[in-house]
Amino acid sequence: MTARAADRTRYNRATAHLDAPIAIVDLDAFDDNADDLVARAGGKPVRVASKSVRCRALLERVLARPGFAGIMSYTLAESLWLARAGFEDILLAYPSADRSAFAELAADPKLAAAVTVMVDDHSQLELIDASRAGGQEEIRVCLELDTSLQLLGGRIRIGALRSPLRSPAQLAELARSVARRPGFRLVGLMAYEGHVAGVGDALAGRPLRSRAIRLMQATARKELAARRAEVVRAVRAVAPDLEFVNGGGTGSVQHTAAEAAVTEIAAGSGLYVPRLFDNYTSFTARPAALFAQPVVRRPGVGVVTVLGGGYPASGAAGADRSPVPYLPEGLRYDPQEGAGEVQTPLLGSPADDLLIGDKVWFRHAKAGELCERFDALQLIEGDRITATVPTYRGEGKTFL
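Residues numbered from 1 in each chain as written. Predicted model: local features only at pLDDT ≥ 70, side-chain atom pairs only at ≥ 80, totals over all residues. Heavy atoms only, no water.

The protein is annotated in an unreviewed UniProt entry as Amino acid deaminase/aldolase of Streptomyces cyaneofuscatus.

Following this line, the structure appears as structure tokens:
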């Protein structure tokens, strides 16, 4: 029996009393993946990206482990909710225009002490000030550095369109603006190298493209390490008490941690290990989060149909954004239908061994987005469910 087949046996046994659709997290794999992130971080704390987890119980579980410290959130409303729930160190990874949430933040000393907001433009400071509604609490601020690799004088750009701040001078200028503005305190710097951390470099059947990606990423890491160090020096000249410099992502943990200028690493997807992380040479990990759909039809030889399953991930549309049939091994989509809203035909010889009501297990393309489809996660240890915990959705929270 293969390891995957053994996992299928365990998952089916643990959930035999539950009807699909259901979502699970294998806690043994989750904990092993957490250990891997800590080991690759080389002694620097790992800040957990909440958008990749979207479950308070699992955020609490991982933050209780040595080597993890703090949350990287994705909306201001989420940040305030987590702070009220007792989380104490929350870095908002994206600028916000949520005026009512800024008013809450500025009026509450506990929230203001726990949450750090992201800024990369003078206008964002003005929006925050205009939103205070009388609140006088000091707002903790982090600046974001553009990490993109730019070649041929900027004519070629590789990387996400995030911050407009690229040079040490630009970051230092905004740092001075924060320092001069009453009611704000600059505490951090963030630089997320998504073109390194979030792009697989070992694409199946595409050796030339894989080699090109590895060459690009090596070039990007070298350029960014030098520029990030210069930016940190420039910002610390303005704000000597800078508390943290955050960088990285699941796919680049060990490379980013090796930079002396970086004080902490951000990661989250590496806990669940969705399908987009199958194509990396930098690390290997165990899929921990899966969902099951029930077989409801047997249209013919070598075909079964499961209920629903069309849960695409965000990003540029493509086949890599679809969930992947995982267990039993050997199933594939019908190219004419793909993963459907209400039904999904699956092809392959394993279909002939599946009966009506059996579960087919899938892996989502991305990590936390799975939790937007389910209100609960079944936590599995060995071959039994040890807890059922709500996702954000299960707690009535849909932040985006």
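Having seen it, we continue.
Our next topic: the pairing of strand 13 (residues 303–307). With four of its five residues buried, strand 13 lies for the most part within the structure. Taken together, strand 12 (residues 289–300) and the strand that follows it, strand 13, pair antiparallel across an intervening segment of two residues, in which glycine 302 is found at a positive phi of about 75°. As paired elements, strand 13 and strand 16 (residues 343–347) share five bridges and run antiparallel to each other. Within strand 16, the residue paired with valine 306 across the bridge is threonine 344. (Buried < 20%, exposed > 50% of the residue type's maximum accessible area, 1.4 Å probe, protein only. Helix = DSSP H or I, 4+ residues; strand = E, 2+ residues; numbered from the N terminus. Pairing = 2+ DSSP bridges.)

So, on to the pattern of salt bridges. A complete count under the given rule lists 29 salt bridges for this structure. Among the salt bridges present, the one from arginine 10 reaches aspartate 26, with a minimum N-O distance of 2.7 Å. Of this pair, arginine 10 sits in helix 1 (residues 3–14) while aspartate 26 is found in strand 1 (residues 22–26), placing the two residues 16 residues apart along the sequence. Using a relative accessible area of 0% as the deciding quantity, one classes aspartate 26 as buried. Between aspartate 146 and arginine 157 there is a salt bridge whose closest N-O contact spans 3.2 Å. Here the residue aspartate 146 occupies a position in the loop between strand 6 (139–144) and strand 7 (149–151), and arginine 157 occupies one in strand 8 (residues 156–158), the gap between them amounting to 11 residues. (Salt bridge = Lys/Arg side-chain N within 4 Å of Asp/Glu carboxyl O.)

This part is about the UniProt feature "domain: Alanine racemase N-terminal" (unreviewed entry) in the protein. When the UniProt feature table is mapped onto this chain numbering, "domain: Alanine racemase N-terminal" (unreviewed entry) sits at residues 25–273. Taken end to end, residues 25–273 is 46% helix and 19% strand, and its two terminal C-alpha atoms sit 11 Å from one another. (UniProt positions renumbered as here; feature names shortened; annotations may be inferred.)

Taken residue by residue, helix 5 (residues 99–107) has Ala101, Phe102, Ala103, Leu105 and Ala106 as its buried positions. Packed against the buried residues of helix 5 are helix 4 (76–84), helix 6 (109–114), strand 5 (115–119), helix 7 (122–130) and strand 6. (Contact = heavy atoms within 4.5 Å.)

What follows concerns the pairing of strand 1. Two faces, one strand: in a regular strand the side chains alternate between the faces of the sheet. Buried residues dominate strand 1, accounting for five of its five residues. Residue alternation in strand 1 divides its side chains into two sets, Ile22, Ile24 and Asp26 and Ala23 and Val25, and both sets are buried. Pairing of strand 1 with strand 12, which is carried by four bridges, proceeds in the antiparallel orientation. In the sheet register, isoleucine 22 faces strand 12, and the bridge partner there is alanine 292. Pairing geometry for strand 1 and strand 18 (residues 376–381), over three bridges, is parallel. The residue of strand 18 that forms the bridge with valine 25 is leucine 379.

What follows deals with the nonpolar core. Core analysis: the biggest nonpolar cluster contains 89 residues, and Leu58, Val117, Leu143, Tyr272 and Leu377 have the highest contact counts within it. Among the elements that make up this core, the one with the highest residue count is helix 2 (residues 27–41) (six residues). In this structure leucine 58 touches Val25, Leu27, Phe30, Val53, Tyr272, Leu377 and Leu379, once residues within four positions along its chain are discounted. (Core = buried A, V, L, I, M, F, W, Y, C linked by side-chain atoms within 4.5 Å.)

Below, the discussion takes up the packing of aromatic side chains. This model, assessed by the stated rule, comprises 13 aromatic pairs. Seen in terms of ring centroids, tryptophan 81 and phenylalanine 399 are 5.6 Å apart; in terms of plane orientation they differ by 50°. Their pairing is tilted. Separated by 318 residues along the polypeptide, tryptophan 81 in helix 4 and phenylalanine 399 in the segment after strand 19 (384–390) bring together distant segments of the chain. No difference in accessibility class separates tryptophan 81 from phenylalanine 399, as the two residues are buried. Seen from their ring centres, phenylalanine 291 and phenylalanine 374 are 6.0 Å apart, and the 40° between their planes marks the pair as tilted. Here phenylalanine 374 lies in the loop between strand 17 (359–363) and strand 18 and phenylalanine 291 lies in strand 12, a separation of 83 residues in the sequence. By the burial criterion, phenylalanine 291 is buried, and phenylalanine 374 matches it. (Phe/Tyr/Trp six-rings, centres within 6.5 Å; stacked < 30°, edge-to-face > 60°.)

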